[in-house]
Amino acid sequence: MEEGLLGIVGGLRHLLVTIFLTGLGGVVTMPVMTDISIAALCPGQDQCSLAIYLSGFSQVMSGVGSVVMTPLIGNLSDRYGRKALITLPLMVSVIPQVILASGRDRRFYYAYYVVKIVAHMAGEGSFHCLTLAYVADKVPFEKRTSAFGLLAGVGSASFVCGTLAARFIPTHLTFPVAAVLSMIGLVYMRIFLDDTVPAAATINQPLLKEDHSSSKASTPTFKKLPSLGDFLCMLKCSPTFSQAAVVLFFNSLADGGLMASLLYFLKARFQFDKNQFADLMMISGIGATLTQLLLMPILIPALGEEKLLSTGLLVSCINMFVYSISWAGWVPYALAGCSIFGVFVRPSICSIASKQVGPDEQGMVQGCLSGVSSMAQIVSPLIFSPLTALFLSEEAPFYFPGFSIMCLGLAMVVAFIQSLMIRAAPPIGKISSGSSRCTDTLV
């Protein structure tokens, strides 16, 4: 098992370095953003409804862009390779960081806000989708869950290092440092990362059957791009994929709402600042890194992706309900340590879905999953940002500052119940020849 993990690391080392550097550049800004937003929009206050609403609107617009762009970019990467398409999200992520590195008053903040929305619409979700597809190109299907966990572990390691750095970097230097790190990650990827071209199917058959009788060159590229019908075809042909998509939607709905509300809740409830935020993120990140790199390779063969998925969702449900009734400042710290089990969810879903399609459809299926996640990111702020602002204000119908977080826990319960219905399914290539197949053709 150790040799297998080392082999995966060796084959993906340049991708892992790119993920680490890019994640480091993004995470180092996270602990300070709540303070910067409130200082720019509501100076001298601990609670700012405008900042909450703008954060929610940003998530909605980013989700709208991701729903359109992520399946498109994923499918294009199936045809033209992953490296060229990975360049786009890495490039656009640098621009907002450079703007806020130039100043942090209200004018610069609004400029950063607008450019960040545009950049996220173009690239958010795409990088994650493309890295998963890259791994699927490089790693045999029986080792993909461990490989996806490894990617998540490296992402968590960059999360830990980024939050630790944010603890000590002065606020006025945070965004210049972030911009430099992101640029280094982009340059490293362009120089060292090998491109991949999906191989012909050898074990799995395509879930969406293409007509190979005509030359690819004879069909315009944009007529081959995925449509809503293609996505519905995947849902219809594979019950396992459709169940995984439902679980991912409700999990992303809860995660997106938590991201939009938790830091503002802690700021208003316990007057946390960037140092406390960095401490919480670092605790979660250290636990997630150790879990993904050490526990997942051991637990996957013993339990399987389905049980790991359900376990992660159950613990996440409990965490959210306890967050909603936090009665002292130490409670979020204790919950941050328990949140490590939530990292089982996304690698398990990606692995379950990846095994349902052939090698030349990995970009499409990961793009569709990212589209489902992005759709949840659109819905979540529309519901939970106003709810959070209401219950943190003096106009709340009753006193329950964590009411919106309790509602997020209910969404996670739905995901948990659905995950219990997923049963291990053989790869598509192992289904008997008598099984029904999807015969829709990409046109």
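Note that the structure is a prediction, hence the values are computed from the model and not measured. (Residues numbered from 1 in each chain as written. Predicted model: local features only at pLDDT ≥ 70, side-chain atom pairs only at ≥ 80, totals over all residues. Heavy atoms only, no water.)

Q: I keep staring at the packing of aromatic side chains and nothing clicks. Help me out?
A: Geometry of an aromatic ring pair is reported as the spacing of the ring centres plus the angle between the planes. One pass over the full model with this rule turns up 13 aromatic pairs. Measuring from centroid to centroid gives 6.3 Å for Tyr 109 and Tyr 112, while their planes differ by 45 degrees, and the two rings are tilted. With Tyr 109 and Tyr 112 both in helix α5 (residues 106-123) and three residues apart, this pair spans about one turn of that helix. An identical accessibility class is assigned to Tyr 109 and Tyr 112; each is buried. Here Tyr 109 and Tyr 113 contribute two aromatic rings whose centre-to-centre distance is 6.4 Å and whose plane-to-plane angle is 20 degrees, an arrangement assigned as stacked. Placement of the pair is Tyr 109 and Tyr 113 together in helix α5, with a separation of four residues, close to one helical turn. The residues Tyr 109 and Tyr 113 share a single accessibility class, namely buried. Among the aromatic side chains, those forming a connected cluster through ring pairs are Tyr 109, Tyr 110, Tyr 112, Tyr 113 and Phe 175. (Phe/Tyr/Trp six-rings, centres within 6.5 Å; stacked < 30°, edge-to-face > 60°. Helix = DSSP H or I, 4+ residues; strand = E, 2+ residues; numbered from the N terminus. Buried < 20%, exposed > 50% of the residue type's maximum accessible area, 1.4 Å probe, protein only.)

Q: What is the right way to read helix α14 (residues 345-354) from this model?
A: Each full turn of the α-helix corresponds to 3.6 residues, which orients residues three or four apart in the same direction. By the criterion of burial, α14 is predominantly enclosed, with nine of the 10 residues buried. Every buried residue of α14 is accounted for by Val 345, Pro 347, Ser 348, Ile 349, Cys 350, Ser 351, Ile 352, Ala 353 and Ser 354.

Q: Looking at this model, I keep getting lost on helix α2 (residues 30-41). Mind explaining?
A: Taking 1.5 Å of rise per residue, the 12 residues of α2 would be expected to cover 16 Å, and the 17 Å separating its terminal C-alpha atoms lies within 8% of that figure. The buried count for α2 comes to nine of 12 residues, which makes it a mostly enclosed element. All of the buried residues along α2 are Pro 31, Val 32, Met 33, Thr 34, Ile 36, Ser 37, Ile 38, Ala 40 and Leu 41. (Expected span 1.5 Å × (residues − 1).)

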